[in-house]
Amino acid sequence: MGRALIVSAGASSNEYIAARLTEMGYSRPVIIPSGAEARRRMTESDFELIVVNSPLPDEFGHEVCINAVEKTDAGVVFLVKAAQAEQLLGPLSEQGVLLLSKPFSTTFFVQAMHMAAAGNHRLLRARQENARLQEKIAQVRLVSRAKCCLVEHEHMTEAEAHRYIEKQAMDTRRDRTEIAQEVLENYEDMGV
């Protein structure tokens, strides 16, 4: 499993949260007592799960949660007393923060942690897919630019340019993008 960050100032709370997270497979969760320190640590390390236990000594804690959602891919859980939970539930849910009102049972706590971790995994898969698609788009653009050069300078049709790049890739056992890059570099070298 990944790493977990606990932002909490209460010693007994820290012990309880750390024990539950350790049972879930998060070995040695990082415990930070303040919001300012948590923000700094979030920029330095990747966390799969961030648990903020309010109130913190330097702030209430919901700002840290919003910052965590904006700056990380972690699942974020905010532990808050029931009196404040109702007014924070709507705004924090819209931001992507899972709010858990205190007191809560161990079962409910563990379920909330699993939900937050599941959200993190879905987000990571979506980001990986996005990166894969962006790479594919970049490859298509490169090949299209090379075809345009062949059409313009070699007076080929679009189909002939496509066939040329495909045939070169097949004959040399290289990727179409390598051939396209080579075509573009040849025209750059000629000053075209």
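Attention in this report is confined to the structure presented alongside it.

Reading guide: rules and limits
- Residues numbered from 1 in each chain as written.
- Predicted model: local features only at pLDDT ≥ 70, side-chain atom pairs only at ≥ 80, totals over all residues.
- Heavy atoms only, no water.
- Axes fitted to C-alpha atoms, helices over the stretch in contact; angles between N-to-C directions.
- Helix = DSSP H or I, 4+ residues; strand = E, 2+ residues; numbered from the N terminus.
- Parallel < 35°, antiparallel > 145°, perpendicular 65-115°, else oblique.
- Contact = heavy atoms within 4.5 Å.
- Nonpolar A, V, L, I, M, F, W, Y, C, P; charged D, E, K, R; others polar.
- Buried < 20%, exposed > 50% of the residue type's maximum accessible area, 1.4 Å probe, protein only.
- Phe/Tyr/Trp six-rings, centres within 6.5 Å; stacked < 30°, edge-to-face > 60°.
- Polar contact = N/O pair within 3.5 Å; in protein donor to acceptor, adjacent residues only side chain to side chain.
- Expected span 1.5 Å × (residues − 1).
- Arc of directions from axis to C-beta.

1. Overview of the packing of helix α2 (residues 35-44) against helix α3 (residues 62-71)
Right, so step 1: Packing of α2 against α3 brings their axes to within 10 Å, and their N-to-C directions diverge by 10°. When the axis of α2 is compared with that of α3, the two are roughly parallel. When α2 is examined against α3, the residues G35, A38, R39 and M42 are found in contact with a partner set consisting of E63, V64, N67 and A68.
Right, so step 2: Counted by class, the contact of α2 with α3 contains four nonpolar, two polar and two charged residues.

2. As for the environment of H155
Right, so step 1: Looking at where H155 falls in the secondary structure, it is placed in the loop between α5 (106-154) and α6 (158-172).
Right, so step 2: Owing to a relative accessible area of 66%, H155 belongs among the exposed residues under this scheme.
Right, so step 3: Here the alpha-carbon distance between H155 and A169, two residues 14 residues apart in the chain, equals 20 Å.
Right, so step 4: When neighbours within four sequence positions are excluded, H155 is seen to be in contact with L150 and E160.

3. With respect to the packing of aromatic side chains
Right, so step 1: If you walk through the whole model with that rule in mind, you get four aromatic pairs.
Right, so step 2: Ring plane angle 45° and centroid distance 6.4 Å describe the contact between Y16 and F104, whose orientation is recorded as tilted. Here the residue Y16 occupies a position in helix α1 (residues 11-23), and F104 occupies one in the loop between β5 (98-102) and α5, the gap between them amounting to 88 residues.
Right, so step 3: Take Y16: its relative accessible area is 26%, and that puts it in the partly exposed class.
Right, so step 4: Residue class for F104 comes out partly exposed when judged on its relative accessible area of 22%.
Right, so step 5: One aromatic cluster in this structure is built from Y16, F104 and F109.

4. Some words on the side chain of T177
Right, so step 1: You can see T177 is positioned in helix α7 (residues 176-189).
Right, so step 2: A polar side-chain atom of T177 sits 2.3 Å from a polar atom in the side chain of D175.
Right, so step 3: Here T177 is in contact with Q139, L142 and V143, once residues within four sequence places are set aside.

5. Re α1
Think of an α-helix as 3.6 residues a turn; residues three or four steps apart then line up on the same face.
Right, so step 1: Here α1 contains 13 residues, and its C-alpha end-to-end distance of 18 Å stays within 8% of the 18 Å for a straight helix at 1.5 Å per residue.
Right, so step 2: All of the buried residues in α1 are N14, I17, A18, R20 and L21. Along the axis of α1, the buried positions cluster into a sector of 165°, meaning they face one direction only. Facing away from the buried side of α1 by over 90 degrees, the exposed positions are A11, S12, E15 and E23.
Right, so step 3: Taken together, the buried residues of α1 touch β1 (4-7), β2 (30-32), β3 (49-53), β4 (75-81) and α5.
Right, so step 4: One or two residues past the end of α1 sits G25, with phi positive at roughly 110°.

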